[in-house]
Amino acid sequence: MSPVDKFFKLTEHGSNVRTEVVAGITTFLTMAYIIFVNPAILGDAGVPKDAVFVATCLAAALGTIIMGLYANYPIGMAPGMGLNAYFAYAVVLGMGVPWQSALGAVFISGCLFILVSVFKVRELIVNGIPHSLRVAITVGLGLFLALIAMKSAGLVVASPETLVRVGDMHKPQTIMAVFGFLLIVTLDRLRVPGALLIGIVVVTIMSFFFGGNTFHGFMSLPPSLAPTLFQFDLKGAASLGLFNVVLVFFLVELFDATGTLMGVASRGGLLVDGKMKRLNKALLADSCAIVAGSVLGTSSTTAYLESAAGVQAGGRTGLTALVVALLFLAALFFAPIAGVVPAYATAPALLFVACLMLRDLVDVDWSDTTESVPAAITALVIPFTYSIAHGIAFGFITYAGLKLLTGQARQVKPVVWVIAALFLFKYTYITG
């Protein structure tokens, strides 16, 4: 038995080096779009795009290496979709918080995540949050992403009379974005690996011919990380005004990571009696990646559901994750390509991800209005207030209030009362 086989337990998992390498490449292709999308989103908030590109690759590589070597799961990690949008559009642009302070909030949420992982209270928190609210947060994130994507594509524009209206459908950028979206959906339906990445690349190539884009080279040394490295501001993030931001980061990271890890493990037959044997190790890897990402200069890093593509290709161990990490490191040398990707090229990928996030609506119990109404409130308030924090707050307060008014207070777990009370206190006594 080779050292690699022995370390990753390949034979025990019915796998081999070749299968794991192919699976790693497959996973990377399905999630490589984040290399282009994350700098574009955080760049809108004033974070230096070139440095974010480097931070994205390094945070993804570091988190995935920890996942592979420490937890031995075939799961890739990178800055999460939805949380990067919340970071940029809701916290920095919406609330006027400096991006350095927002990174500080990410750092604090990562430290909290480490604590709940080390002391194994994650299960207590996750099990205490109603399933309907967990689903609603995911759906609300999807609607939020969809609004951002359609704005970037030019499909939706501001209107003083109706708040929003349809954009100019004759603009080349909008037409290319629509084409890119249809291409991504088609490729995904045909199960072509890397559908999102292909869609981004095709629209970017079209932009040179129809969008006035210019090419700046293919490869180069990685840009400097200095503009974002160690720039997080803990003093600013620790102020009372950002407590809800930290709470949102923490809650979404917790639900997203747990759900993704369980989902991918289930797809690969890695569950034992319905449980992940090394779930706490995987969550610890996830939380360490969040802290590392904030230090490097990017929003929350999390496990990627796209890892299921690699599992489908046969990946069963951390060797798959190690291959993904090495490919993210190799991507550091392709910064010029990332720099020419326009917002309307990444918008189709954002919109597709948003559409996938809406499918969780079927898991809501629509026959019980004390469950469905708070879920609907959560999902609707997020895009309509342009704030994930307000959506989660309204959802928890509504849920606790309805259960209390209908005589079902005993069904509500203590963690819900605590979170609802914190948000109610914030709205009552704290401005900002």
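What counts, and where the lines are drawn
Residues numbered from 1 in each chain as written. Predicted model: local features only at pLDDT ≥ 70, side-chain atom pairs only at ≥ 80, totals over all residues. Heavy atoms only, no water. Helix = DSSP H or I, 4+ residues; strand = E, 2+ residues; numbered from the N terminus. Rg over C-alpha atoms; globule rule 2.2 N^0.38 Å. Contact = heavy atoms within 4.5 Å. Areas by Shrake-Rupley, 256 points an atom, 1.4 Å probe, with all protein chains shown as cover. Lys, Arg positive; Asp, Glu negative; His and termini not counted. Charge placed at Lys NZ, Arg CZ, Asp CG, Glu CD. Buried < 20%, exposed > 50% of the residue type's maximum accessible area, 1.4 Å probe, protein only. Pairing = 2+ DSSP bridges. Phe/Tyr/Trp six-rings, centres within 6.5 Å; stacked < 30°, edge-to-face > 60°. Expected span 1.5 Å × (residues − 1). Domains from an automatic or database assignment. Buried area = accessible area lost by both parts, 1.4 Å probe. Salt bridge = Lys/Arg side-chain N within 4 Å of Asp/Glu carboxyl O. Polar contact = N/O pair within 3.5 Å; in protein donor to acceptor, adjacent residues only side chain to side chain. Core = buried A, V, L, I, M, F, W, Y, C linked by side-chain atoms within 4.5 Å. Patch = residues over 30% accessible without salt bridge, like charges linked within 9 Å, V, L, I, M, F, W, Y side chains within 5 Å.

**Concerning the overall build of the protein**
Each helix and strand in the protein was counted, giving 20 helices and four strands. Relative to the compact-globule value of 22 Å for 432 residues, the protein shows a C-alpha radius of gyration of 21 Å, a close match. Considered along the principal axes of its C-alpha atoms, the protein spans approximately 60 × 60 × 45 Å. Of the contacts made within the protein by residues no fewer than 6 positions apart, 81% connect residues no fewer than 24 positions apart. A total of about 18200 Å² of accessible surface is found on the protein, and carbon and sulfur atoms cover 68% of it. Side-chain charges in the protein split into 24 positive and 20 negative, and the spacing between the mean points of these groups amounts to 5 Å.

**A few points about the side chain of N72**
Structurally, N72 is set in the loop between α4 (49-71) and β1 (77-79). N72 gets classed as buried once you look at its relative accessible area, which sits at 10%. The residues touching N72, leaving out its near neighbours within four places in the chain, are F8, H13, M67, R278, R316, T317 and G318.

**With respect to the pairing of strand β2 (residues 156-159)**
On a regular strand, each side chain points to the face opposite its neighbour's, so the side chains alternate between the two faces of the sheet. The pairing of β2 with strand β3 (residues 163-166) spans four bridges and is classified as antiparallel. Residue pairing in the sheet places S159 in a bridge with L163 of β3. Turn length for the β2-β3 hairpin, with the two strands adjacent in sequence and antiparallel, is three residues.

**Structural notes on the packing of aromatic side chains**
Using the criterion set out here, one finds seven aromatic pairs in the structure. Each ring, one from F28 and one from F328, has its centre 5.1 Å from the other, and the planes form 80 degrees; the classification is edge-to-face. Highlighted residues: F28 in helix α2 (residues 17-31) and F328 in helix α15 (residues 318-330), separated in sequence by 300 residues. Note on accessibility: F28 and F328 belong to one class, buried. The interplanar angle of 70 degrees and the centroid separation of 5.3 Å between the aromatic rings of Y86 and F249 together place this pair among those described as edge-to-face. Taken together, the residues Y86 in helix α5 (residues 83-95) and F249 in helix α12 (residues 243-267) connect sequence positions 163 residues apart. Taken individually, Y86 and F249 each receive the classification buried, so the pair is uniform in this respect.

**Some remarks on α4**
Compared with an ideal rise of 1.5 Å per residue, which puts 23 residues at 33 Å, α4 spans 31 Å between its outermost C-alpha atoms and is within 8% of the ideal. N72 occupies a position one or two residues after α4 and carries a positive phi of about 55 degrees.

**Concerning the domain arrangement of the protein**
Annotation of the protein at the domain level lists domain 1 (3-361) and domain 2 (364-431). Between domain 1 and domain 2, the residue contacts involve 30 residues of the former and 25 residues of the latter. Across the domain 1 to domain 2 interface the summed buried area is about 2500 Å²; carbon plus sulfur atoms make up 81%. The three residues of domain 1 that bury the most area against domain 2 are S132, L133 and F243, which together make up 20% of that side's buried surface. Between the two partners, domain 1 and domain 2, sit zero salt bridges. Linking domain 1 with domain 2 are three residue pairs in polar contact (both at pLDDT 80 or more), by the criterion used here.

**Remarks on unusual backbone geometry**
Positive phi values are uncommon outside glycine, yet L163 reaches one of about 70 degrees. With respect to the helices and strands, L163 occurs in strand β3. Look at F230: it is not a glycine, yet its phi comes out positive at around 60 degrees. Within the element layout of this structure, F230 appears in the loop between α10 (195-210) and α11 (234-237). For F230, a relative accessible area of 59% gives the class exposed.

**Overview of the nonpolar core**
F87 and F328 are the most contacted members of the largest nonpolar core, which totals 128 residues. Per-element accounting of this core gives the leading share, 14 residues, to α12. The residues that make up this core include at least three from each of domain 1 (3-361) and domain 2 (364-431). F328 has contacts with F28, M31, I34, I35, C57, A60, A61, M77 and A78, leaving out every residue within four places of it along the chain. Of all hydrophobic cores here, the second largest spans six residues; its members include V135, A136, V139 and A379.

**Quick word on a nonpolar patch on the surface**
Residues V4, V17, V21, I25 and L29 make up a contiguous nonpolar surface patch of roughly 330 Å² in combined accessible area. By residue number, the principal contributor to the nonpolar patch is α2, which donates four residues. Given the relative accessible area of 32%, V21 is considered partly exposed.

**What about the environment of A51?**
By the secondary structure assignment, A51 is in helix α4. For the pair A51 and R278, spaced 227 residues apart in sequence, the C-alpha to C-alpha distance is 33 Å. Here A51 is in contact with S224, L225, P227 and T228, once residues within four sequence places are set aside.

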